[in-house]
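The lines below spell out each chain.
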Amino acid sequence: MLAYVRSPKHMKAMKAFSSIAIGRLLSYESDIIPSWDQALLKWEREARDG
């Protein structure tokens, strides 16, 4: 996943985000997969407008 996040294709998608989608964004790295409840709480607290 990190290889994709750092790729030119991902950068292109992020630059186009505002013209192809709406929503809030949150990015972070972790060694564990959070539960849905943990992920939602983090998104509600820390996401930014796209």
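Quick caveat, the model's predicted, so the values are computed rather than measured.

### Re the packing of aromatic side chains
Okay, step 1: For the structure shown, the criterion picks out zero aromatic pairs.
Okay, step 2: Note that Arg24 overlies the ring of Trp43, its terminal NZ or CZ placed 4.9 Å from the centroid.

### Section: a nonpolar patch on the surface
Okay, step 1: Taken together, Met1, Leu2, Tyr4 and Val5 make up a surface patch of nonpolar side chains, about 420 Å² in accessible area.
Okay, step 2: Of note, Tyr4 is situated in helix H1 (residues 2-5).
Okay, step 3: You can call Tyr4 partly exposed: its relative accessible area is 40%.

Calculation criteria
- Residues numbered from 1 in each chain as written.
- Predicted model: local features only at pLDDT ≥ 70, side-chain atom pairs only at ≥ 80, totals over all residues.
- Heavy atoms only, no water.
- Phe/Tyr/Trp six-rings, centres within 6.5 Å; stacked < 30°, edge-to-face > 60°.
- Lys NZ or Arg CZ within 6 Å of the ring centre and 35° of its normal.
- Patch = residues over 30% accessible without salt bridge, like charges linked within 9 Å, V, L, I, M, F, W, Y side chains within 5 Å.
- Areas by Shrake-Rupley, 256 points an atom, 1.4 Å probe, with all protein chains shown as cover.
- Salt bridge = Lys/Arg side-chain N within 4 Å of Asp/Glu carboxyl O.
- Helix = DSSP H or I, 4+ residues; strand = E, 2+ residues; numbered from the N terminus.
- Buried < 20%, exposed > 50% of the residue type's maximum accessible area, 1.4 Å probe, protein only.

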